[in-house]
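Notes for the structure review
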Amino acid sequence: MSLRSLPIHHALKGEITPPGDKSISHRSVMFGAIAEGETYVHRWLDAADTRATLNACRALGAQIETLDVNGGTDLRIQGVGMQGLQPSAEFTAKGEPLDLGNSGTGVRLLMGLLAALPFTSRLSGDHSLCARPMGRVIRPLEQMGAELESNDGRLPVTVHGKSLSAIHYESPIASAQVKSAVLLAGLNAAGTTKVSEPALSRDHTERMLQDFGVHIKRDGLTVAVEGGQSLRACELTVPADISSAAFFMVAASVVPGSEITIRNVGLNQTRRGLLDVLQLMGADIEVNTVGQGAEPIADLTVRHRQLRGIDVPPELVVSMIDEFPILMVAAALAEGRTRISGAEELRVKESDRLAVMCKGLSALGVTLEETPDGAIIQGVAGQRVIRGGAVEAADDHRCAMSFAVLATCAQAPIEIAGSEFIATSYPAFQSHFCALGGQLESL
Ligand code: S3P
């Protein structure tokens, strides 16, 4: 499917509440499934990725009801307890692998969960997920005693559940998916499992496990969990996803005269890197804190202001790892040069995001240099010099939404091929974009 995003010559105005946070939504359904009792989740993200995790949890025996509440989705989950997970008879009869679609979080966290459970399961996904590295999760799980067969470090993966022993895993990369998979396996391992990482990746697993009554110990960049703990059902509210808010934070910053409010955005310290970087670029973003529960929440009011290019501080890369496609759009429209480095992980996301964004931006007239771990982008200083034309989002939701934002400031419409994957994280993107004054058409 393609989308056509049109240049606009008026301000963006209004307010939106982006959908629930994707990382938190995945975890809420998985943890609810392995908890004892009934978990209730408010404002769950109902999108293709999180549906894949929900369906996998159903196939493993959890009863999950989706409820339509005020135009959003809530979940009521009858948890079966950690040892209660079992592939359902109906699922086993089909003989197919659990299909996690496009979702790296879904498949990697499930591997950790399933590694210690006493049955064999197979996991797979779509063509993009099947091309992504799984060795980063398989290696530590094998060190714990797990038995996994993979297609040379890729999906499909067969998990033969085994008794596991705790390890201290020193992860070579700052990855919340790796950390979470090891911690979930650790919940079922003998002893205390520890994970250290080179920088703090998103910590939703640690926070949410505590909501479910699990005792977690943090010491700097090391987190520890003792095996044998069970999860107690709870009630959760999912904040709006800062990774979805990101597109509108940039859109309102770059379209002259704009002023929008984005409500209920999760501002966890491990996720707010884009906000900090946009402020370093001179953005006018007012932050009004509205909640301080397990996850901090704020309303963001964003007004147009000409952005300046900067050297993105490498220490902020992890806390904005999913926001680089839209940051590259902000950089293309800024005044001066933006330098991104230390972001080689972008090459193994839903697409090679450095390659896809650099190719699309330069085809539309942006001067840039792609480097192995980033890019150097020469901004056009708000001049309407970006050409229209066709770009390829390479089936990557975040690249597609980023090009849609770029078009608002282009000379002519931009046609974005491979846009159907927007449904993996933000099914309401087109309607929110248009409600604020953008013009985005399905082709
Ligand atoms: C996620 C972690 C990040 C992020 C992904 C979601 C998570 O991946 O890019 O979109 O929910 O744990 P890595 O763990 O590979 O950094």
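My aim in this report is to walk through the structure given alongside it, one point at a time. Computed from a predicted model, the values in this text were never measured in an experiment. (Residues numbered from 1 in each chain as written. Predicted model: local features only at pLDDT ≥ 70, side-chain atom pairs only at ≥ 80, totals over all residues. Heavy atoms only, no water.)

**Some details on the overall build of the protein chain**
The secondary structure content of the protein chain amounts to 14 helices and 26 strands. Here the protein chain has a C-alpha radius of gyration of 21 Å; the compact-globule value for 443 residues is 22 Å, and the two agree. Once the C-alpha set of the protein chain is aligned to its principal axes, its extents read approximately 60 × 45 × 45 Å. For the protein chain, the residues scored as buried account for 61% of the 443 residues in total. Across the protein chain, contacts joining residues at least 24 apart in sequence account for 75% of those joining residues at least 6 apart. For the protein chain, the accessible surface area stands at approximately 15700 Å², while carbon and sulfur atoms represent 47% of it. Taking the average location of the 38 positive side-chain charges in the protein chain and that of its 50 negative ones, the two points are 2 Å from each other. (Helix = DSSP H or I, 4+ residues; strand = E, 2+ residues; numbered from the N terminus. Rg over C-alpha atoms; globule rule 2.2 N^0.38 Å. Buried < 20%, exposed > 50% of the residue type's maximum accessible area, 1.4 Å probe, protein only. Contact = heavy atoms within 4.5 Å. Areas by Shrake-Rupley, 256 points an atom, 1.4 Å probe, with all protein chains shown as cover. Lys, Arg positive; Asp, Glu negative; His and termini not counted. Charge placed at Lys NZ, Arg CZ, Asp CG, Glu CD.)

**A few points about the sheet that holds strand β8 (residues 147–149)**
Whether parallel or antiparallel, the strands of a sheet pair through hydrogen bonds between backbone atoms. Strand order in the open sheet formed by four strands is β6-β7-β9-β8, and the pairing between neighbours is mixed. Two strands lie at the open edges of the sheet, namely β6 (98–99) and β8, each paired on one side alone. Against the sheet, helix α4 (residues 104–114) engages β6, β7 (120–124), β8 and β9 (157–160), with an angle of about 170° to β7. (Pairing = 2+ DSSP bridges. Axes fitted to C-alpha atoms, helices over the stretch in contact; angles between N-to-C directions.)

**Observations regarding the layout of surface pockets**
What the largest pocket holds in volume is close to 620 Å³. Lining the largest pocket are 39 residues, with A174, S175, I321, E345 and K349 positioned closest to its centre. Contributing elements (two or more residues each) for the lining of the largest pocket: α1 (22–34), α4 and α7 (176–186). Here the lining of the largest pocket spans two domains, since at least three of its residues come from each of domain 1 (2–19 + 239–442) and domain 2 (22–237). (1 Å grid on protein atoms, 1.4 Å probe; cavity = no way out; pocket = protein on both sides within 12 Å on 5 of 7 lines; lining within 4 Å. Points joined across faces, edges and corners; volume = space filled by probe spheres on them. Domains from an automatic or database assignment.)

**So, the pairing of β7**
Looking at chain direction, β6 and β7 are connected through two bridges and run parallel. Directly across from L98, in β7, lies its bridge partner L123. Regarding the hand of the β-α-β motif, the stretch spanning β6, α4 and β7 is right-handed. Strand direction decides the pairing type here: β7 and β9, joined by four bridges, are antiparallel. Bridge assignment links R122 to a residue of β9, and that residue is T158. (Right-handed = clockwise from strand over helix to strand, strands pointing away.)

**Re the site of the ligand**
Neighbouring the ligand are S23, R27, T105, R136, S175, A176, Q177, R202, I321, D322 and K349. One of the side-chain nitrogen or oxygen atoms of S175 is found 2.7 Å away from an oxygen atom of the ligand. When isolated, the ligand has an accessible area of 380 Å², and the protein chains bury 95% of it. The site holding the ligand turns out to be the largest pocket. Those elements that provide at least two residues to the shell around the ligand are α1 and α7. Grouping the amino acids of the shell around the ligand by side-chain chemistry returns two nonpolar, four polar and five charged. Each of domain 1 (2–19 + 239–442) and domain 2 (22–237) accounts for three or more of the residues forming the shell around the ligand. (Near = heavy atom within 4 Å. Polar contact = N/O pair within 3.5 Å; in protein donor to acceptor, adjacent residues only side chain to side chain. Sits in = over half its atoms within 2 Å of the grid points. Nonpolar A, V, L, I, M, F, W, Y, C, P; charged D, E, K, R; others polar.)

**Observations concerning the side chain of Q229**
Tracing the backbone shows Q229 in the loop between β15 (222–226) and β16 (231–232). Classification of Q229 by relative accessible area gives buried; the value is 18%. At 3.0 Å, the side chain of Q229 and the backbone oxygen of E226 are in polar contact. Filtering out sequence-adjacent residues up to four positions away, Q229 remains in contact with L187, V214 and H215.

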